[in-house]
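Analysis of the macromolecular model
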Amino acid sequence: MPGFGLTMGLTLTWLSIIVLIPLAGLFIKTSELSLFQFWDILTARRTLNALRISFGLAFLAALVNLVMGMIIVWVLVRYRFPGRRIFDAIVDIPFALPTAVAGVALTALFAQKGWLGAPLAAWGIKVAFTPIGIFVAMIFIGFPFVVRTVQPVLIDLEIEVEEAAASLGASRWDIIRRVILPSLTPAILTGFALAFARAVGEYGSVIFIAGNLPNVSEIAPLLIVIRLSEFRYADATAIAVIMLVVSFLVIFTINRIQRWAQTRGVAVQV
Amino acid sequence: MVINRPKSTSAHEIRTEPFLVRWTLITIAILFLTIFVVLPLVVVFTEAFSRGVGAYFSALSDPEALSAIRLTLTVAAISVGLNLVFGVIAAWAIAKFEFRGKVFLITLIDLPFSVSPVISGLVFVLLFGAQGFFGTWLQSHGIQILFAVPGIVLATTFVTFPFVARELIPLMQEQGTQEEEAAISLGASGLRTFLRVTIPNIKWGILYGVLLCNARAMGEFGAVSVVSGHIRGETNTMPLLVEILYNEYQFVASFAIASLLAFLALVTLIVKTVLESHLEEGQPASDD
């Protein structure tokens, strides 16, 4: 087969120019800071609060998405009902819809005069321009990750095992808990991690609905943008590095989950 | 990261949960999808047409809107083109040969998927901004990258970098090298083999990758927002214009642009479904 040297050379060159050198620049810029400066930036009240809001709400949203994603997958794969194929197809909309569009749409929907915001306001619940709004946007962009990672595994799950367990007298709940859930666990964890990682870094769909009040509803990516516009590059870079390191840890964890799943003979398709 | 498309749903129909449980779960799923997916889509179009069709089209024919549409199309064409060429080349190197560190290389190619959009823009500010590594050099040579089209293209290319490659790598790995080796043993040149054997085998995969890459390129907001500079009529893409008009309380105009992007997303999903059926058909056929 010809062309290995040429294509590999081009691949590495282009990868370096577009991805590796720009990302390395971020770490080089950070290394210009002393450890004290770095520490001061990260422990400033506003930074800590932004990181807490981004990571905390992303974690909560990923938990909700884990449960809701599981229900949606189960319903789509195991049940038949009118409109099932359409509902299956629209799960991808949060992937396909530009984040700014999702942002203005969710804000219009949950604003106090919006279709959902008005009834919620009557109950005394304010969603738009509060941390709950951030949470809602993070649920929107995260749940397809759980659905699309678990779905192929649940489809491939052999019905015979369940039938065997049932014929041996296991109850439905036992079968779900002892047979189905263990096979799905790696995929569920992967979906959870992907939804979490996406929500932590999310910007477009969040900033419209968030309210963006410092220390209350200001997410870390927005703080990076604000620091950049104030020409406080060191601050922006330090926050970015912390977020990037966490993303890398998430990728690493996902890879471990997949290796673990492979040794157990369960396929996770990501 | 992007999830593989699911295979066709199994025809098995098991109804082992009680009727009540089944329909409770179905109701929860439908309610959730309606609230989080259907309603946001409907609201975009309702708001866009809230002042009638005339206001909608006059918003879209505004010079600023037209310039944003033009810029978005230009940037997407360049970025998708670059990533298409890269994706095919990288997939050839990775799928057709065995070498150490392959898994690591694939991880590096996937990297942009796990970087926050804002950080994807920030890295180019650090390189090409006034205080950046190449800032002074660029300034003295009068080259403008940041707050201009080249910066927007770079950020978009970064964000959409993995789409084509990660679609083609598994597809080409599955197809193996037998057909190419046969063509070469019959005397075809490497390039001719690639054009006549490989390309026809991966054409649906290429289209699929380009489709997803294009959707993201046209819709990218965070990364482009950081490098664009928001110069009116010059460096605003469609998603950026949605934000600007929204912040100026020009809701009809903002949602009109948003509706074009939402329409693009819907078309993308429909074409994607069609391509998926082609990909599923195509795979067994390419084995013989």
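Residues numbered from 1 in each chain as written. Chains lettered and ligands numbered in written order. Predicted model: local features only at pLDDT ≥ 70, side-chain atom pairs only at ≥ 80, totals over all residues. Heavy atoms only, no water.

1. Examining the overall build of chain B
- Assigned secondary structure in chain B consists of 13 helices and zero strands.
- In sequence order, the secondary structure elements of chain B are arranged as α-α-α-α-α-α-α-α-α-α-α-α-α.
- In terms of overall dimensions, chain B has a C-alpha envelope of 70 × 65 × 30 Å along the principal axes.
- The burial tally for chain B puts 54% of its 288 residues in the buried class.
- Pairs at least 24 residues apart make up 73% of the contacts formed inside chain B by residues separated by at least 6 positions.
- Accessible surface, chain B: about 12,700 Å² in total, of which carbon and sulfur atoms supply 65%.
- For chain B, the distance from the average site of its 16 positive side-chain charges to the average site of its 21 negative ones is 2 Å. (Helix = DSSP H or I, 4+ residues; strand = E, 2+ residues; numbered from the N terminus. Buried < 20%, exposed > 50% of the residue type's maximum accessible area, 1.4 Å probe, protein only. Contact = heavy atoms within 4.5 Å. Areas by Shrake-Rupley, 256 points an atom, 1.4 Å probe, with all protein chains shown as cover. Lys, Arg positive; Asp, Glu negative; His and termini not counted. Charge placed at Lys NZ, Arg CZ, Asp CG, Glu CD.)

2. Describing unusual backbone geometry
Residue and element names in this part refer to chain B.
- In this model, F147 sits at a positive phi of 60 degrees, which is unusual for a non-glycine residue.
- Given the relative accessible area of 39%, F147 is considered partly exposed.
- The phi dihedral of H230 falls on the positive side, at around 50 degrees, and the residue is not glycine.
- With respect to the helices and strands, H230 occurs in the loop between α11 (222-228) and α12 (238-247).

3. Quick notes on the pattern of salt bridges
- Enumeration over the complete set of coordinates arrives at 21 salt bridges over all chains.
- We note a salt bridge from E162(A) to R78(A), for which the minimum N-O separation is 2.8 Å. One end of the pair, E162(A), is in helix α9 (residues 159-167); the other, R78(A), is in helix α3 (residues 45-78), with 84 residues separating them in the sequence.
- Assessed through its relative accessible area of 4%, R78(A) is described here as buried.
- Across the salt bridge formed by E276(B) and K272(B), the nearest N and O atoms sit 3.5 Å from each other. On the criterion of helical spacing, the pair formed by E276(B) and K272(B) is a turn pair, its members being four residues apart in helix α13 (residues 251-285). For the pair E276(B) and K272(B), a shared accessibility class is recorded, and that class is buried.
- A single network of salt bridges, built from pairs that share partners, joins D88(A), D92(A), R148(A), K272(B) and E276(B). (Salt bridge = Lys/Arg side-chain N within 4 Å of Asp/Glu carboxyl O.)

4. Looking at the packing of helix α6 (residues 99-110) of chain A against α12(B)
- The geometry of α6(A) relative to α12(B) is characterised by a closest axis approach of 9 Å and an angle of 30 degrees between their N-to-C directions. Relative to α12(B), the element α6(A) is oriented roughly parallel. Between α6(A) and α12(B), the contacting residues are A100(A), V104(A) and T107(A) on the first element and P239(B), V242(B) and Y246(B) on the second.
- The residue inventory of the contact of α6(A) with α12(B), partitioned by class, reads five nonpolar, one polar and no charged. (Axes fitted to C-alpha atoms, helices over the stretch in contact; angles between N-to-C directions. Parallel < 35°, antiparallel > 145°, perpendicular 65-115°, else oblique. Nonpolar A, V, L, I, M, F, W, Y, C, P; charged D, E, K, R; others polar.)

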